[in-house]
Amino acid sequence: MPCEVYFRSMFQHFLDQIILDNTILRYLIVAGMILFTLLFKQFFSRYVAGLIARLIGRKHKAFDIKRFRNLVVSPIETFLMILIILIALGTLKYPELLNFNIYKTNFAVILDGISNVAIIISFIWLCTRLIDYIAELMHEKALLTQDRTDDQLIIFFKDFFKVILRIVGLLLIIRFGFGKSIGNMLTGLSIVGAAMALAFRESLENLIASFIIFFDKPFTIGDVVKVLAVTGTVESIGLRSTRIRTTDKTYVTVPNKQMVDTVLDNQSLRTQRKVETTFQLGLSTPVQKITAFLSQANIILQQEHVEDSTVFLSDTGQQSHVISIEYYTSVEQPIKDFQLMRQTINLGLVAALEQLGIDLAADKTDIVIHRAAAK
């Protein structure tokens, strides 16, 4: 019994020893809290994520609890870990040995600023993941509608709110991490802000142009457009630029300002496809053969998807008789079928020329070359 009392008193004496102004017992308690958090952080984070998911899922039937939990578990783990570690360390008495200055700033203030920055960054990360998930839910609903405008609005505002959230996070870091007054800083930076606005004028113009695109709606995601000699399908519209997948399968980025300021041809909004073909007949071609070719051309153009056609003698002069053929087709026809139909019409026109014995006018350059060769 005296031996037990002795060891107990020795153990109590060991726990009461002071190191850096704190007892060993206090250090053990803090270490236990941190170890407990490390062991059960995933359990607590999943529980918190599930609790939030159940609260939100009651109002939204399409809410996927499992996917939401997997998306936010990592930032919740980090946030809870940092928060509990800071709370545990906050129970310790700040050692007098660490009470020194670095660049005229007390080391305790530096540690406090670092801890605040860590908390703010983890919280902003969590909010960013929440924005991503909400945007995914809204995007899935938007895909059920035929209108593509709501799709691009969701993508745009997701990026917009994430930028705003990061700006707020930066201001919080300046305020609580560095201890600077945001109001005084913004007042002092008013002149600098004006200079920066001039320096970033192009970026601001692109941002304003993005709002014009979304509200004026000259095009949407999925439209085939032609702008600045670039033709392709719009894949995304961002805060600064629009990304287009060209007909050559390349990926082109066009600033939004140019998408608004230049002439843009939205080929997806056309009501018909137009085809123009020209034949230059020789001057020796009789009028009867020209008239017969015009008649056969009108018969050849009687195709299923040809909605309107015109065949006429558009010009005649010193070199040739010019026959112009114009016709329109439905945009609902697949592009492959449209090309095959054009091929069928062109072959029919060539066959009509051969049947009637009509020769096309020789190019003036070819005549000069033949004459030079004869000499």
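Definitions and limits used
- Residues numbered from 1 in each chain as written.
- Predicted model: local features only at pLDDT ≥ 70, side-chain atom pairs only at ≥ 80, totals over all residues.
- Heavy atoms only, no water.
- Salt bridge = Lys/Arg side-chain N within 4 Å of Asp/Glu carboxyl O.
- Helix = DSSP H or I, 4+ residues; strand = E, 2+ residues; numbered from the N terminus.
- Buried < 20%, exposed > 50% of the residue type's maximum accessible area, 1.4 Å probe, protein only.
- Phe/Tyr/Trp six-rings, centres within 6.5 Å; stacked < 30°, edge-to-face > 60°.
- Lys NZ or Arg CZ within 6 Å of the ring centre and 35° of its normal.
- Pairing = 2+ DSSP bridges.
- Axes fitted to C-alpha atoms, helices over the stretch in contact; angles between N-to-C directions.
- Contact = heavy atoms within 4.5 Å.
- Patch = residues over 30% accessible without salt bridge, like charges linked within 9 Å, V, L, I, M, F, W, Y side chains within 5 Å.
- Areas by Shrake-Rupley, 256 points an atom, 1.4 Å probe, with all protein chains shown as cover.

Novice: Go over the pattern of salt bridges, please, and point to the residues and values.
Specialist: In the structure shown here, the tally under the stated rule is four salt bridges. Note that Glu235 and Arg245 form a salt bridge whose closest N and O atoms lie 3.1 Å from each other. You can see Glu235 sitting in strand S6 (residues 230-237) and its partner Arg245 sitting in strand S7 (residues 241-246), a full 10 residues away along the chain. Taking relative accessible area as the criterion, Arg245 reaches 30% and is therefore assigned partly exposed. Glu276 is paired through a salt bridge with Lys274; the nearest N and O atoms lie 2.9 Å apart. Residue Lys274 is classed as partly exposed on the basis of its relative accessible area, which comes to 43%.

Novice: Describe the packing of aromatic side chains, listing the residues and the values that go with them.
Specialist: Across all of its chains, the model carries eight aromatic pairs by this definition. Ring plane angle 40° and centroid distance 4.8 Å describe the contact between Phe36 and Phe40, whose orientation is recorded as tilted. You can see Phe36 and its partner Phe40 sitting in helix H2 (residues 24-57), four residues apart, about one turn around the helix. Their ring planes at 75° and their centres at 5.8 Å tell us that Phe279 and Phe293 sit as a pair that is edge-to-face. Taken together, the residues span a long stretch of sequence, with Phe279 in strand S10 (residues 272-281) and Phe293 in helix H10 (residues 287-300) at a distance of 14 residues. Grouping residues by exposure puts Phe279 and Phe293 together as buried. Taken together, Phe36, Phe40, Phe43 and Phe44 form an aromatic cluster joined through their ring pairs. The ring centre of Phe176 lies 5.3 Å from the NZ or CZ of Arg175, which sits over that ring. For the cation-ring pair, Arg273 lies above Phe338, with the distance from its terminal atom to the ring centre recorded as 5.0 Å.

Novice: Talk me through the sheet that holds S6; I want residue IDs and the actual numbers.
Specialist: With respect to topology, five strands assemble into an open sheet ordered S8-S7-S6-S5-S9, the strand pairing being antiparallel. Two strands in the sheet have a free side with no partner beyond their single neighbour: strand S8 (251-255) and strand S9 (265-266). Relative to S6, strand S5 (residues 224-227) runs antiparallel, the two being bridged by four bridges. When the sheet's bridge partners are listed, Lys226 is paired in S6 with Thr231.

Novice: Can you explain the pairing of S5? Please cite residues and give values.
Specialist: Burial along S5 is one-sided: the face carrying Val225 and Val227 is buried and the face carrying Val224 and Lys226 is not. Hairpin connection from S5 to S6: two residues lie between these consecutive antiparallel strands, with Leu228 at a positive phi of about 55°. Where S5 and S9 come together, two bridges link them in antiparallel fashion. By the bridge assignment for S9, Val225 is matched with Asn266.

Novice: Explain the sheet that holds strand S11 (residues 306-316) residue by residue, including any values.
Specialist: Remark on secondary structure: sheet strands pair via backbone hydrogen bonds, oriented parallel or antiparallel. As summarised here, the arrangement of the three strands in space is S10-S12-S11, forming an open sheet in which the pairing is antiparallel. The sheet terminates laterally at S10 and S11, the two strands that pair on one side only. Taking each pair of neighbouring strands and ignoring which way they run, the sheet shows an average axis angle of 15°. In this structure, S11 lies alongside strand S12 (residues 321-330), joined through nine bridges in antiparallel fashion. Bridged to Asp308 within S12 is Tyr328. Helix-sheet contacts for helix H11 (residues 335-356) involve S10, S11 and S12, and the interaxial angle to S10 is about 20°.

Novice: Tell me about a nonpolar patch on the surface, and please be specific about residues and values.
Specialist: On the surface, Leu35, Phe36, Leu38, Leu39, Phe40, Phe43 and Phe44 cluster together into a nonpolar patch covering about 700 Å² of accessible area. Tracing the sequence through the fold places Leu35 in helix H2.

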